[in-house]
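In case you want the letters, here they are:
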Amino acid sequence: MIRTLNVILVCTSIAALVGVYGLKYAVEETASTKVELERLIDKQQADLSMLKADWAYLNQPSHVAPIVVRHEAALGLKPVRPEQFGRLDNLPMRKPAPDKAALDALFEALDSGIDPIEQLIIGASQ
Amino acid sequence: MSLASEAAVPTIALEGSRKSRSQLTRARIRWVIFGLILVFGVIAGRLVQLGSVVVETSIEGQTRDAITATRPPILDRNGLEMAVDIRVPSLFAEPRRIIDVEEAVTALRTVLPELDADWLRRRLTGDRGFVWVKRELTPAVADRIFQLGIPGLDFVTESKRFYPGGREASHILGAVNIDNQGIAGIEKNMDDRDVALLQELGLARDRALAPVSLSIDARVQHVMYSELLDTFTRYKAIAAAGVMVDVRTGEVLAMVSLPDFDPNNPASAFELYDGKKDQRFNRITSGIYELGSTFKTVTFAGAIDSGRVRLTDNFDARFGIRFGRFTIDDFHGKHRVLSTSEVYKYSSNIGTIRIMQAMGKDEFRAFLTKLGMDKPMQIELPERRNPVVPEKFSEIVAATASFGHGLSVSPLHMAKAMAAFVNDGMMVPVTLYKRDEAAARPLYEPVISPQTSAQIRYLMRLNAIDGSGSRMDREARGYRTGGKTGTAEKVVDGRYSSSKTLAVFASAFPLDDPQYAMVILVDEPQKETPQSGTTAGWNAGEVTGRIVKRVAPMLGIAPDFSEMLDQALVPASMARAPAPENRLGVPSL
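All values derive from a computational prediction rather than experimental measurement. (Residues numbered from 1 in each chain as written. Chains lettered and ligands numbered in written order. Predicted model: local features only at pLDDT ≥ 70, side-chain atom pairs only at ≥ 80, totals over all residues. Heavy atoms only, no water.)

Draft legend 1. Representation of the interface of chain B and chain A. Chain B puts 23 residues into the contact, and the matching count from chain A is 17 residues. Between chain B and chain A, roughly 1800 Å² of surface is buried when both sides are summed, and carbon and sulfur atoms account for 65% of that area. Of all residues in chain B, the largest losses of buried area upon contact with chain A belong to Leu80(B), Arg87(B) and Pro164(B), amounting jointly to 28% of the total for that side. Here chain B and chain A share 2 salt bridges between them. (Contact = heavy atoms within 4.5 Å. Buried area = accessible area lost by both parts, 1.4 Å probe. Salt bridge = Lys/Arg side-chain N within 4 Å of Asp/Glu carboxyl O.)

Dropping the structure here:
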């Protein structure tokens with residue numbers, strides 16, 4: 001009775017020992033992965049901050065303006081003059097609708113073989 | 001059996017055996033207790049030892065947190081970054097771990113040749129745990145040092161402030177020191193507000209702080225900067241400055257002062273300019289000037305608002321005014337009787353003095369107090385200078401003050417007053433942080449009546465169409481700009497010099513619906529061509545016009561050439577009595 005108990009206890013101890021040992025190594029490995037990841041994140045954050053700064057620099061008017069000046073001649077760029085601004089209500093209204101009756105008459109004449117323009121030319125040449 | 005034998009043994013022996021056994025047990029217990037005390041004592045001692053160990057968290061007297069502390073990004077009103085943090089490596093050494101100092105010095109100097117060999121040798125020798133070698137390196141340089149593989153050298157990632165716009169907004173942004181603490185401009189103001197506290201608590205470390213939005217528009221700032229830079233070649237100016245304010249919210253859209261410095265290299269703020277010291281200060285907030293004739297707008301606003309002067313009144317400007325030994329005369333003298341609007345248009349000193357006298361000198365002085373001209377400017381920049389305005393005006397001081405001499409205020413004071421004059425008389429404190437109209441409205445403080453404001457707008461526009469601002473108006477056609485020139489003679493060796501002048505133009509646009517006020521200064525301008533003049537209309541005026549022409553479309557102001565807009569500015573009193581000088585195209589009604 002006591003012997004079986006002892007055997008079970010010894011077995012449990014060995015199993016626990018092996019388990020703890022394995023766990024310890026697993027944790028160590030996880031910790032080193034964590035440190036590695038942290039270092040990676042740190043590096044990427046640093047890179048990101050650099051890229052953001054680059055982006056901000058490239059977007060500055062003080063950076064864009066000289067580029068515009070450099071390509072002014074090639075692209076035909078010129079500053080906008082006040083006269084060149086317009087409003088929607090300054091646009092002319094659409095032309096009134098075409099004269100429907102006259103068009104119908106024209107098409108009917110063409111269908112029946114008389115070309116009014118030809119008639120006009122003939123009339124003028126006589 | 002045992003009982004029987006015990007009974008047989010003599011009592012004394014029995015007692016002895018019991019005693020000796022109990023003594024043994026007691027001894028064992030004592031040993032166990034001793035052992036336990038020993039073990040626990042060791043544990044307690046170790047605990048005390050661990051507790052008293054001071055962990056070295058500081059780097060040369062500064063906490064690690066402070067070194068890696070970040071600052072919030074600064075954005076302009078449209079969200080463009082004006083200041084960002086970048087994370088850069090800094091090289092440090094642990095001298096006690098360096099094996100061969102000589103080798104380390106030689107190797108390091110192959111990558112960083114600018115380091116002095118003796119300095120480096122002294123730095124790396126000894127038993128210290130931490131010394132900086134070089135802070136804020138580029139990642140490429142850090143990589144090369146890493147490749148050298150010197151033991152005892154390592155890197156710390158530090159936050160470094162970077163201003164992508166370079167010099168353009170230097171006086172607004174200010175600068176930070178190497179430990180990322182604000183030392184000037186908005187950076188210092190932010191620290192005074194709350195960032196410093198966060199950094200101290202270590203909360204600002206490695207975390208994204210909410211960005212700070214300024215009222216500045218980077219595009220407008222760029223236009224003003226480039227146009228003011230242009231005055232150095234065009235008019236051979238020795239300095240120039242300008243500020244633009246939103247009249248309704250008090251937000252500063254642009255603020256430029258030249259010569260300036262590079263905020264990425266704060267030491268440049270102390271460099272000599274043209275062989276002179278202290279030229280790179282912010283002329284808008286920490287420069288005070290006699291602003292000359294632009295100040296007449298203030299006099300007119302006060303006089304008209306007092307009700308004692310009307311636009312249709314006439315003033316005798318035939319002869320100069322004598323004060324004891326002095327006689328004050330006009331620069332472009334007409335020497336005839338002038339109406340109020342003519343006095344403004346021809347910038348008559350005599351007429352302005354008479355207008356001020358009609359108002360009363362004490363009332364004029366009180367009006368300046370109302371405008372805050374005698375108080376330091378309330379703005380978020382630490383660089384400020386108090387205005388110089390005499391406490392009490394004598395006759396002559398009041399007379400000179402009416403046309404802007406004998407008192408010095410900052411250009412920002414002037415811009416703030418101009419903004420109030422065109423904004424229906426509502427004065428609003430200026431700010432560099434973003435603010436909307438709803439937030440600004442409770443801060444409004446009436447300084448003149450809306451009727452007076454309408455008359456001032458008319459006078460300013462009249463001056464642009466007919467008077468000294470016509471060169472400005474020719475540049476900014478269609479944008480209904482108006483303003484007043486001022487050509488103040490500078491004091492050289494205690495006397496006013498007629499050759500060295502400060503040209504000022506104080507303006508507002510578009511006057512039919514006032515939105516922005518601007519003050520431009522050009523210091524000691526010279527003739528652009530032999531035919532041109534040196535008065536403010538030729539330089540500060542034209543600069544104003546060019547700036548308006550470029551920024552108005554960005555700010556959503558459409559050009560309009562309709563004469564109706566200008567006619568609508570004419571106050572009813574003028575329209576009813578069309579005077580001959582009224583050339584705003586008023587039809588005879």
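On we go.
Draft legend 2. How the structure looks around the packing of aromatic side chains. All names here are of chain B. Throughout the structure, instances matching the rule amount to 8 aromatic pairs over all chains. With a centroid separation of 4.5 Å and an interplanar angle of 20°, the aromatic rings of phenylalanine 92 and phenylalanine 130 are classed as stacked. Taken together, the positions of phenylalanine 92 in strand S4 (residues 81-93) and phenylalanine 130 in the loop between helix H5 (117-124) and strand S5 (131-134) put the pair 38 residues apart, joining distant regions of the chain. Centroid distance phenylalanine 300 to tyrosine 344: 5.1 Å. Interplanar angle 70°. Geometry classified as edge-to-face. Highlighted residues: phenylalanine 300 in helix H10 (residues 296-306) and tyrosine 344 in helix H11 (residues 340-345), separated in sequence by 44 residues. (Phe/Tyr/Trp six-rings, centres within 6.5 Å; stacked < 30°, edge-to-face > 60°. Helix = DSSP H or I, 4+ residues; strand = E, 2+ residues; numbered from the N terminus.)

Draft legend 3. Molecular detail of the side chain of Ser90(B). Residues and elements named next belong to chain B. Structurally, serine 90 can be placed in strand S4. Using a relative accessible area of 0% as the deciding quantity, one classes serine 90 as buried. Here glutamate 136 takes part through its backbone nitrogen, which lies 2.8 Å from a polar atom of the side chain of serine 90. A distance of 2.3 Å separates a polar atom in the side chain of serine 90 from a polar atom in the side chain of glutamate 158. In contact with serine 90, other than residues within four places in its own chain, are Trp132, Lys134, Arg135, Glu136, Asp154, Phe155, Val156 and Glu158. (Buried < 20%, exposed > 50% of the residue type's maximum accessible area, 1.4 Å probe, protein only. Polar contact = N/O pair within 3.5 Å; in protein donor to acceptor, adjacent residues only side chain to side chain.)

Draft legend 4. Representation of helix H4 (residues 100-111) of chain A in the model. Residue and element names in this part refer to chain A. Helix length check: H4, at 12 residues, gives a terminal C-alpha distance of 16 Å against a target of 16 Å (1.5 Å per residue), a fit within 8%. If you check the start of H4, you find a side-chain oxygen 3.4 Å away from the backbone N of alanine 101, and it comes from aspartate 99. At the C-terminal side of H4, glycine 113 shows a positive phi close to 95°. (Expected span 1.5 Å × (residues − 1).)

Draft legend 5. Highlighting the domain arrangement of chain B. Residue and element names in this part refer to chain B. For chain B, the assigned domains read domain 1 (62-213) and domain 2 (219-576). Domain 1 puts 25 residues into the contact, and the matching count from domain 2 is 25 residues. Between domain 1 and domain 2 the total buried area reaches about 2300 Å² when both faces are included, carbon and sulfur atoms providing 55% of it. Across the contact surface, domain 1 and domain 2 share 2 salt bridges. Where glutamate 251 meets arginine 77, a salt bridge forms, and the shortest distance between an N and an O atom there is 3.2 Å. Between the two partners, domain 1 and domain 2, sit 14 residue pairs in polar contact (both at pLDDT 80 or more). Those elements giving two or more residues to the side of domain 1 that touches domain 2 turn out to be strand S6 (153-162), helix H7 (170-173), strand S7 (175-176), strand S8 (182-184), helix H8 (185-200) and strand S9 (212-213). Considering each element in turn, the side of domain 1 that touches domain 2 owes the most residues, 6 residues, to H8. Classifying every residue of the side of domain 1 that touches domain 2 gives 11 nonpolar, 8 polar and 6 charged. (Domains from an automatic or database assignment. Nonpolar A, V, L, I, M, F, W, Y, C, P; charged D, E, K, R; others polar.)

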